Amino acid sequence: SLSKAEEKAFIDFVKTSATYNHWYNLFVCLLRTGCRLNELLALTIKDVDFTKGIIKIEKSFSYYKGNDKKTRLHILTPKTETSIRTIPMYSDVAKAIKAELIRQTENGLNTTSIDGVQGFIFTNKRGSVYHQPSVFTAIDRITKAYNAQEEERAKKENREPLLLPHFS
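All values reported here derive from a predicted model rather than from experimental measurement.

## Here we look at the pairing of strand S2 (residues 54-57)
In summary, the side chains of a regular strand alternate between the two faces of the sheet. Residues Ile55 and Ile57 point to one face of S2 and are all buried, whereas Ile54 and Lys56, pointing to the other face, are not buried. Pairing between strand S1 (residues 48-49) and S2: two bridges, direction antiparallel. By the bridge assignment for S2, aspartate 49 is matched with isoleucine 54. Here S1 folds back onto S2, and the loop between the two strands holds four residues, one of which, glycine 53, carries a positive phi near 70°. With four bridges joining them, S2 and strand S5 (residues 85-88) adopt antiparallel strand pairing. Within the sheet, the bridge partner assigned to isoleucine 54 lies in S5 and is proline 88.

## Some thoughts on the packing of aromatic side chains
Under the defined criterion, the tally for this structure stands at seven aromatic pairs. The interplanar angle of 70° and the centroid separation of 5.2 Å between the aromatic rings of phenylalanine 10 and phenylalanine 27 together place this pair among those described as edge-to-face. With phenylalanine 10 in helix H1 (residues 4-16) and phenylalanine 27 in helix H2 (residues 24-33), the pair connects residues that are 17 residues apart, well separated along the chain. Neither phenylalanine 10 nor phenylalanine 27 differs from the other in exposure class; each is buried. With 5.8 Å between their ring centres and 25° between their planes, tryptophan 23 and phenylalanine 27 make a pair best called stacked. Judged on exposure class, the residue tryptophan 23 and its partner phenylalanine 27 are both buried. A connected cluster of aromatic rings, assembled from ring pairs, spans Phe10, Trp23, Phe27, Tyr130 and Phe167.

## Here we look at unusual backbone geometry
Working note: non-glycine residues mostly have negative phi, and peptide bonds are mostly trans. Positive phi outside glycine occurs at aspartate 115, with the angle close to 50°. Phi is positive for asparagine 158, which is not a glycine, with a value near 55°. Inspection of the secondary structure puts asparagine 158 in the segment after helix H5 (132-156).

## Digging into the confidence of the model for the protein chain
Of the residues in the protein chain, 100% reach a pLDDT of 70 or more, and the chain-wide mean stands at 92. Per-element mean pLDDT across the protein chain ranges from 87 in strand S3 (residues 60-65) up to 98 in S1.

## Looking at the sheet that holds S1
The sheet built from three strands is open, its strands ordered S1-S2-S5 with antiparallel pairing. Strands with a single pairing partner mark the edges of an open sheet, and in this sheet they are S1 and S5.

## Observations regarding the nonpolar core
Within the largest apolar cluster, 44 residues are counted, with the highest numbers of intra-cluster contacts made by Trp23, Leu26, Phe27, Phe61, Ile97, Val135 and Ile142. When residues of this core are traced back to their parent elements, those giving at least two are H1, H2, helix H3 (37-41), S2, strand S4 (71-76), helix H4 (91-107) and H5. If near-sequence neighbours (up to four positions away) are discounted, valine 135 is found in contact with Trp23, Leu26, Phe27, Leu37, Leu41 and Tyr130.

## Comments concerning the pattern of salt bridges
Two side chains carrying opposite charge are able to pair once their charged atoms lie near each other. Across all of its chains, the model carries ten salt bridges by this definition. Where arginine 72 meets aspartate 68, a salt bridge forms, and the shortest distance between an N and an O atom there is 2.8 Å. Classification of arginine 72 by relative accessible area gives partly exposed; the value is 34%. Among the salt bridges present, the one from arginine 159 reaches glutamate 157, with a minimum N-O distance of 2.7 Å. Each of the salt bridges in this network shares a partner with another, and the network as a whole consists of Arg36, Glu39 and Arg85.

Cut-offs applied
- Residues numbered from 1 in each chain as written.
- Predicted model: local features only at pLDDT ≥ 70, side-chain atom pairs only at ≥ 80, totals over all residues.
- Heavy atoms only, no water.
- Buried < 20%, exposed > 50% of the residue type's maximum accessible area, 1.4 Å probe, protein only.
- Helix = DSSP H or I, 4+ residues; strand = E, 2+ residues; numbered from the N terminus.
- Pairing = 2+ DSSP bridges.
- Phe/Tyr/Trp six-rings, centres within 6.5 Å; stacked < 30°, edge-to-face > 60°.
- pLDDT = per-residue confidence, 0-100.
- Core = buried A, V, L, I, M, F, W, Y, C linked by side-chain atoms within 4.5 Å.
- Contact = heavy atoms within 4.5 Å.
- Salt bridge = Lys/Arg side-chain N within 4 Å of Asp/Glu carboxyl O.

This is the structure in structure tokens:
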């Protein structure tokens with residue numbers, strides 16, 4: 001897990017990066033909700049109540065290989081009662097979710113249907129839902145890019161760099 005300083009460095013880098021800023025809203029929500037990645041990726045607009053400031057966690061994505069050996073997404077309900085929960089939606093999370101919904105409105109609403117569920121909040125540039133491996137790849141790329149930039153800046157400023165560890 002990241003320290004507060006590392007978390008801030010990561011999220012600030014993503015926010016200001018021309019290359020990675022499209023990941024900003026997803027990472028704000030991931031870091032500020034404490035949700036598992038596949039729970040967050042499975043969130044739909046029906047799970048969010050802006051008036052009450054809450055998010056219902058009632059499902060997650062699961063991956064399986066079909067007969068054709070291709071990996072497919074499946075909606076899974078949590079295994080335990082405690083996994084089904086309502087969590088507070090902090091203002092920065094609400095702002096990030098609203099920004100994602102505005103982006104979808106501008107770029108075309110996500111019409112992906114997985115096991116009859118639609119209205120997913122987080123979608124990639126092509127309008128499809130994110131898959132867990134692509135998020136992990138993005139984290140690795142962002143971390144490497146941040147660390148390279150931070151080492152360079154720290155050297156110029158004659159200070160110790162604040163490097164990000166490998167995390168998922």
